[in-house]
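Here is what each chain is made of, one letter per residue.
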Amino acid sequence: MTRPQKVYLETHGCQMNVRDSETILGLLEQHGWGFASEPETADLILINTCSVRDRAEQKTYSELGKYRLLKSRNPELLVGMAGCVAQQAGAEALARVKGLDLVCGTHNIHELPGMIGERRATGHPVVRANFTYDDERIFQSPVRPSERKVTAFVNVSIGCDHQCTYCIVPATRGSEMSRRPEDILAEVRGLVEQGVREVTLLGQNVNSYGKQFAGGTGFGGLLRLVAAVEGLERVRFTTSHPADVQRDLVEVMAAEPKVMPHIHLPVQSGSDRVLRRMKREYSRERYLEVVGWFREAVPGIAITTDIITGFPGETDADFEATISLVEEVRFDSLFSFAYSPRPGTPALKLDRELPPEVGAERLQRVQKLAAEIADEKLAAMVGSGQPVLFEGPSRQAENELMGRTPSNIAVNVPAPLWRTGRTSTVRITQKMAHTLRGEITGAGEGDQAA
């Protein structure tokens, strides 16, 4: 009996890439593939790539270079790249990576099984890296029969129509395209039937969801529809562009208990001058106004953000404005990066590019301040009772489960495996570096042994 083919999949980057990798694995499993835990045992090695920063892109090419030795030992081994770097490079990747067999762009994942067949039939590398806006298959998410999960990502849109000067997303994900509400709801219902209790709605900019549907459902309306799905316990979403936040979103979060009190609201800079150079389409004052809306309507809401340091032309005064914004908002956590020039982005044409060491020094200062604030917020949770949805075994210790609070903080708790997928009241007993520890004090509805 012929053994099943196995794929080793390595994922770089954001939640959208994680979701795309799940789709890839689901597709291949439907075509009889198994999964390799190590590249040495695989028939196909595939990297799902990220190009949002230069370091991430270079990591892709470095990893592919390492796999060349495995291919020299096993000529039948296929090596491929998918995702944003693949979309950006296209056929040029074949010249850069010797022995590369497959290049699959962000809109072409559904073609991957056919690409593998074509590569084996012809003996020639196969490249698919073209945007397709009239094919609903770009949203498909094949179910993996071998995997049951408590949480899941659900695409609601792809691409972005904003033109932030530093951002490569429009070049790698294309123009914005929203998925039909009925298709989203059908996927959510199917996930709930499989045991999923929490979904995270994904889009490069969820706040502009549905704008191509004349008079149709906007993002606030979509949240209401998803929250109404019977059996679904929690709804999250990411990412929100501050320029497109509407009161309707705030009202839904305040009124709908299933929508978790957490929003990721990237600010990038606290300086109006830098925001204009970034073409972010909002001011510092407007951003703070939106933050005020959420904090007034949803007491205790967790607000997280992104910040870029060392953007071309960023002065000491501009950077101090960012520091003061972080101090004023007191973000629950933030992702921060030194500016990384990306090919084809308008920022490359801006003058006064800063030395890398300036951006790095400023980055360290932002991260230190953010860590102090986050640490204080975690410490303030010790002693409180939190409803925690358990997602599965903890990586920190045996006989423990990991779950998350409504504000999206990971909590590790001594608990039996059967509680996976249940929500229990947990008393927070200890603050760790970025997580919490606790003990179960009460059970949520339906929290009982299966």
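Residues numbered from 1 in each chain as written. Predicted model: local features only at pLDDT ≥ 70, side-chain atom pairs only at ≥ 80, totals over all residues. Heavy atoms only, no water.

K.L.:
Would you explain the overall build of the protein in this entry?
P.N.:
The helix and strand tally for the protein stands at 13 helices and 19 strands. A compact globule built from 450 residues would reach a C-alpha radius of gyration of about 22 Å, and the protein, at 23 Å, matches this within 12%. With respect to the principal axes defined by its C-alpha atoms, the protein has extents near 60 × 60 × 50 Å. With 450 residues in all, the protein has 54% of them scored as buried. Here the protein has roughly 20000 Å² of accessible surface; of this, 51% comes from carbon and sulfur atoms. (Helix = DSSP H or I, 4+ residues; strand = E, 2+ residues; numbered from the N terminus. Rg over C-alpha atoms; globule rule 2.2 N^0.38 Å. Buried < 20%, exposed > 50% of the residue type's maximum accessible area, 1.4 Å probe, protein only. Areas by Shrake-Rupley, 256 points an atom, 1.4 Å probe, with all protein chains shown as cover.)

K.L.:
It is not clear to me how the packing of aromatic side chains should be interpreted in this structure. Could you clarify?
P.N.:
Note on aromatic pairs: each is described by the distance of the centres and the angle between the planes. With the rule as written, the count across this model stands at six aromatic pairs. Aromatic pair Tyr 282 and Tyr 287: ring centres 6.1 Å apart, planes at 35°, arrangement tilted. Each member of the pair, Tyr 282 as well as Tyr 287, is classed as buried. Every member of this aromatic cluster is reached through a ring pair, and the members are Tyr 166, Phe 311 and Tyr 339. (Phe/Tyr/Trp six-rings, centres within 6.5 Å; stacked < 30°, edge-to-face > 60°.)

K.L.:
Looking at this structure, I do not really get unusual backbone geometry. What am I missing?
P.N.:
Peptide bonds are trans in most cases, and residues, glycine excluded, mostly fall at negative phi. A cis amide bond links Thr 238 to the next residue, Thr 239, at an omega of 5°. You can see Thr 239 is positioned in the loop between strand E11 (234-238) and helix H9 (247-255). Phi is positive for Glu 281, close to 70°, though the residue is something other than glycine. Looking at the element boundaries, Glu 281 is found in the loop between helix H10 (272-278) and helix H11 (284-297). Positive phi, close to 60°, is recorded for Arg 352, a residue that is not glycine.

K.L.:
Hey, could you run me through the packing of helix H12 (residues 316-329) against helix H13 (residues 356-381) in this one?
P.N.:
Geometry of a packed helix pair, given as the angle between the helix axes and the separation of the axes. Contact geometry of H12 with H13 gives a least axis separation of 10 Å together with a crossing angle of 10°. It follows that H12 is roughly parallel to H13 by the angle criterion. Counting all contacts with H12, which are made through Asp 316, Phe 319, Glu 320, Ile 323, Val 326 and Glu 327, the residues of H13 involved are Arg 362, Arg 365, Val 366, Leu 369 and Ile 373. Residue classes in the contact of H12 with H13 are distributed as six nonpolar, no polar and five charged. (Axes fitted to C-alpha atoms, helices over the stretch in contact; angles between N-to-C directions. Parallel < 35°, antiparallel > 145°, perpendicular 65-115°, else oblique. Contact = heavy atoms within 4.5 Å. Nonpolar A, V, L, I, M, F, W, Y, C, P; charged D, E, K, R; others polar.)

K.L.:
Just to check I follow, could you spell out the environment of Asn 130 for this structure?
P.N.:
Checked against the element boundaries, Asn 130 lands in the loop between strand E6 (126-128) and strand E7 (151-155). For Asn 130, a relative accessible area of 37% translates into the label partly exposed. Residues Asn 130 and Gln 88, 42 residues apart in the sequence, show an inter-C-alpha distance of 9.8 Å. Excluding its chain neighbours within four sequence positions, the residues that come into contact with Asn 130 are Gln 87, His 107 and Asn 108. Polar contacts involving the side chain of Asn 130 include one to the side chain of Asn 108, which spans 3.1 Å. (Polar contact = N/O pair within 3.5 Å; in protein donor to acceptor, adjacent residues only side chain to side chain.)

K.L.:
I would appreciate a short explanation of the pattern of salt bridges in the present structure.
P.N.:
A full pass over the atoms with the stated rule returns 31 salt bridges. In this structure, Glu 118 engages Arg 128 in a salt bridge whose closest nitrogen and oxygen atoms are separated by 2.7 Å. Of the two residues, Glu 118 is situated in helix H5 (residues 112-122) and Arg 128 in strand E6; the sequence distance between them amounts to ten residues. Across the pair Arg 180 and Asp 183 runs a salt bridge, and its minimum N-O distance is 2.9 Å. Overall, Asp 183 belongs to the partly exposed group, its relative accessible area being 23%. Here the salt bridges do not stand alone but share partners, grouping Arg 19, Arg 179 and Glu 187 into one network. (Salt bridge = Lys/Arg side-chain N within 4 Å of Asp/Glu carboxyl O.)

K.L.:
Teacher, can you tell me more about the side chain of Asn 412 here?
P.N.:
Structurally, the position occupied by Asn 412 is in strand E17 (residues 410-414). Taking relative accessible area as the criterion, Asn 412 reaches 3% and is therefore assigned buried. A distance of 3.4 Å separates the side chain of Asn 412 from the side chain of Gln 396, its partner in a polar contact. Aside from chain neighbours lying at most four places away, what touches Asn 412 is Ser 394, Gln 396, Glu 400, Leu 401, Met 402, Thr 435, Leu 436, Arg 437 and Gly 438.

K.L.:
Before we go on, may I ask you to explain the sheet that holds strand E14 (residues 333-338) in this structure?
P.N.:
Backbone-to-backbone hydrogen bonds pair the strands of a sheet. The strands run either parallel or antiparallel. Strands sit in the order E12-E13-E14 across an open sheet of three strands; the sheet is parallel. Lying at the two open borders of the sheet, with one neighbouring strand each, are strand E12 (262-264) and E14. Going from strand to strand, the sheet's axes swing by 10° on average, the running direction of each strand aside. As paired elements, strand E13 (residues 302-309) and E14 share six bridges and run parallel to each other. The residue bridging Thr 305 from the neighbouring strand is Leu 334, located in E14. Across the sheet, H13 is in contact with E13 and E14; its angle to E14 comes to roughly 175°. (Pairing = 2+ DSSP bridges.)

K.L.:
Is there a simple way to think about the sheet that holds strand E1 (residues 6-11) in this case?
P.N.:
One open sheet accounts for six strands, arranged E2-E1-E3-E4-E5-E6; its pairing is parallel. Where the open sheet ends on each side, the last strands, each with one partner, are strand E2 (34-35) and E6. Relative to E6, strand E5 (residues 102-104) runs parallel, the two sharing three bridges. Residue pairing for E6: Cys 104 is matched across the bridge by Arg 128. Of the strands in this sheet, E1, E2, strand E3 (44-49) and strand E4 (78-83) touch helix H1 (residues 15-30), which is tilted by about 175° from E1.

K.L.:
Can you walk me through the side chain of Arg 280 in this structure?
P.N.:
Relative to the assigned elements, Arg 280 resides in the loop between H10 and H11. Here Arg 280 sits buried without a salt bridge, and the closest side chain of opposite charge, Asp 306, lies 7.0 Å off (N-O distance). Here the side chain of Arg 280 touches His 241 through a polar contact of 3.5 Å, side chain to side chain. At 2.9 Å, the side chain of Arg 280 forms a polar contact with the side chain of Tyr 282. Apart from residues lying up to four places away in sequence, Arg 280 is in contact with Cys 164, Tyr 166, His 241, Pro 242, Ala 243, Pro 266, Val 267, Gln 268 and Leu 275. (Lys, Arg positive; Asp, Glu negative; His and termini not counted.)

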